[in-house]
Amino acid sequence: MLYRKLGKTGCEVSILGFGCMRLPIKNGGQSAADRFDPNKFIDEEKAIQLIHYAKTQGINYFDTAYPYHRGKSEPLLGKAVRGHREKLLIATKLPSWMVKGPEDFDKFLNEQLQRLDTSYVDFYLLHGLGRQSWSKMKELGALRFLDKIIADGRAHFVGFSFHDDVRIFKEIVDAYDWALCQIQYNYLDRDYQAGREGLEYAASKGLGLVIMEPLRGGRLAEQIPEKVQTIWDSAPERGSPAEWALRWVWNHPEVSTALSGMNSMTQLQENLKIADEGRSHSLSSA
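These notes cover the structure that comes with them. (Residues numbered from 1 in each chain as written. Predicted model: local features only at pLDDT ≥ 70, side-chain atom pairs only at ≥ 80, totals over all residues. Heavy atoms only, no water.)

## So, the overall build of the protein
Check the secondary structure of the protein and you find 11 helices and 10 strands. In terms of C-alpha radius of gyration, the protein reaches 18 Å, essentially the compact-globule figure of 19 Å for 286 residues. Summarising its shape, the C-alpha atoms of the protein cover approximately 60 × 40 × 35 Å along the three principal directions. For the protein, the proportion of its 286 residues judged to be buried stands at 53%. For the protein, the share of sequence-separated contacts (at least 6 apart) that also reach a separation of at least 24 residues comes to 76%. Of the roughly 13,100 Å² of accessible surface on the protein, 49% is carried by carbon and sulfur atoms. One finds the centroid of the 37 positive side-chain charges in the protein at a distance of 2 Å from the centroid of its 37 negative side-chain charges. (Helix = DSSP H or I, 4+ residues; strand = E, 2+ residues; numbered from the N terminus. Rg over C-alpha atoms; globule rule 2.2 N^0.38 Å. Buried < 20%, exposed > 50% of the residue type's maximum accessible area, 1.4 Å probe, protein only. Contact = heavy atoms within 4.5 Å. Areas by Shrake-Rupley, 256 points an atom, 1.4 Å probe, with all protein chains shown as cover. Lys, Arg positive; Asp, Glu negative; His and termini not counted. Charge placed at Lys NZ, Arg CZ, Asp CG, Glu CD.)

Dropping the structure here:
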């Protein structure tokens, strides 16, 4: 496994992070509807097996959030890492849209710590910030809350995940001494949301860059257009669709880790193999 610095935090993170939004589900199904269907549940045995295997292969960054799998992702992750907590880096997120008043900040974090069966999280992110939610967070005193949880040790570092345009992204980056940010980035989304411009801007400010949707929810690994496949087939170096997508992200030296929602051992093992080649500046311009 290759590791990179997570911005100014000093933490060494595996370049492949384990995203806990798409854990295996009993009776099949992995669509967004399946993950939020009250009649479908995480296949606990398979999910824990994947997480255990991931950490034995060097993955040390695990990402979850309050609403994932209808609130069941955090407890599952907590159970899976029990006994190994100190060796791993756990990130979870405040459900910004559910906060109604300042008292909700502590309420949600304390509930999440209980779910995760831990006294602290390594990284606590404001979830899904955009123009409206950022305004709301500022008004309710979220930045003071972040100062408090760093001081009392409930979070070691704080950051935000983002879904909006690059202008508001830069405003958020400049508003606080963030440790990290999480953005959507892949070879089709170079100019989408924060995009390459935001990536470079955040890195210039010392933030760690956590990439979500490097495969666009798996869509960049399936149903490849014929013209694209022809280009790949003509390349002197062969690779699977997933390999081209992940290596394109890791080729950027600004990227600390790329999250993948792996829900089968086949996916996990393939991505681990690809990660062995995921050095920055390792791809030619061709």
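Still more ground to cover, so stick around.
## So, the sheet that holds strand β3 (residues 16-19)
Strand order around the closed barrel formed by eight strands is β3-β4-β5-β6-β7-β8-β9-β10, with parallel pairing between neighbours. Neighbour-to-neighbour, the strand axes of the sheet open up by a mean angle of 30°, direction not taken into account. As defined by bridge partners, strand β9 (residues 208-212) adjoins strand β10 (residues 257-260) across two bridges and the pair is classed as parallel. Each bridged residue has a counterpart across the sheet, and for Val 210 the counterpart in β10 is Thr 257. Across the sheet, helix α8 (residues 195-204) touches β8 (180-184) and β9, and the angle it forms with β9 is around 150°. (Pairing = 2+ DSSP bridges. Axes fitted to C-alpha atoms, helices over the stretch in contact; angles between N-to-C directions.)

## Quick word on helix α7 (residues 166-175)
Those residues of α7 that sit buried are Val 166, Ile 168, Phe 169, Ile 172 and Val 173. For α7, the buried positions fall inside an angular range of 160° around the axis, keeping them on one side. Turning to α7, the residues buried within the fold contact β6 (121-129), α5 (131-140), β7 (155-162), β8 and α8. Where α7 begins, the capping side chain belongs to Asp 165, and its oxygen is found 3.0 Å from the backbone nitrogen of Arg 167. (Arc of directions from axis to C-beta. Polar contact = N/O pair within 3.5 Å; in protein donor to acceptor, adjacent residues only side chain to side chain.)

## Concerning helix α4 (residues 103-116)
Every α-helix carries 3.6 residues per turn, so stepping three or four residues along brings you back to the same face. With 14 residues, α4 ought to run about 20 Å at 1.5 Å a step, and its terminal C-alpha atoms sit 21 Å apart, in line with that. Of all the residues in α4, the buried ones are Asp 104, Phe 105, Phe 108, Leu 109, Gln 112, Leu 113, Arg 115 and Leu 116. The arc enclosing the buried residues of α4, seen along the axis, measures out at 165°, which places them on a common side. Facing away from the buried side of α4, by more than 90 degrees, are the exposed residues Glu 103 and Gln 114. Buried residues in α4 make contact with α3 (73-80), β5 (89-94), β6, α5 and α6 (142-151). Taken from the residues just after α4, Asp 117 is the one with a positive phi, measuring 55°. (Expected span 1.5 Å × (residues − 1).)

## Structural notes on unusual backbone geometry
Phi at Glu 213 is positive, roughly 55°, even though this residue is not glycine. Residue placement: Glu 213 occurs in the loop between β9 and α9 (226-234). Residues other than glycine seldom take positive phi values, yet Gln 223 does so here, at roughly 50°. Topologically, Gln 223 is positioned in the loop between β9 and α9. The exposed category is assigned to Gln 223, whose relative accessible area is 79%.

## Some details on the layout of surface pockets
The calculated volume of the largest pocket comes to roughly 810 Å³. Lining the largest pocket are 27 residues, with Trp 232, Trp 244, Trp 248, Leu 283 and Ala 286 positioned closest to its centre. For the lining of the largest pocket, the elements supplying multiple residues, two or more each, are α9 and α10 (241-250). At three residues, α9 tops the list of elements feeding residues into the lining of the largest pocket. Counted by class, the lining of the largest pocket contains 15 nonpolar, seven polar and five charged residues. (1 Å grid on protein atoms, 1.4 Å probe; cavity = no way out; pocket = protein on both sides within 12 Å on 5 of 7 lines; lining within 4 Å. Points joined across faces, edges and corners; volume = space filled by probe spheres on them. Nonpolar A, V, L, I, M, F, W, Y, C, P; charged D, E, K, R; others polar.)

## Quick look at the packing of α10 against helix α11 (residues 265-275)
Here α10 crosses α11 at 45°, and the two axes come no closer than 10 Å. When the axes of α10 and α11 are compared, the pair comes out oblique. For the pair α10 and α11, the crossing hand works out as right-handed. Each of Ala 242, Glu 243, Leu 246, Arg 247 and Trp 250 in α10 lies in contact with α11, whose residues at this interface are Glu 270, Asn 271, Ile 274 and Ala 275. When its residues are assigned to classes, the contact of α10 with α11 shows five nonpolar, one polar and three charged. (Parallel < 35°, antiparallel > 145°, perpendicular 65-115°, else oblique. Left-handed = near helix turned anticlockwise from the far one by under 90°.)

## Some words on the environment of Ser 240
Turning to its location among the elements, Ser 240 is positioned in the loop between α9 and α10. Measuring from C-alpha to C-alpha, the distance between Ser 240 and Gly 7 comes to 30 Å, with 233 residues separating the pair along the chain. Once residues within four sequence positions are removed from consideration, Ser 240 is found in contact with Glu 270 and Ile 274.

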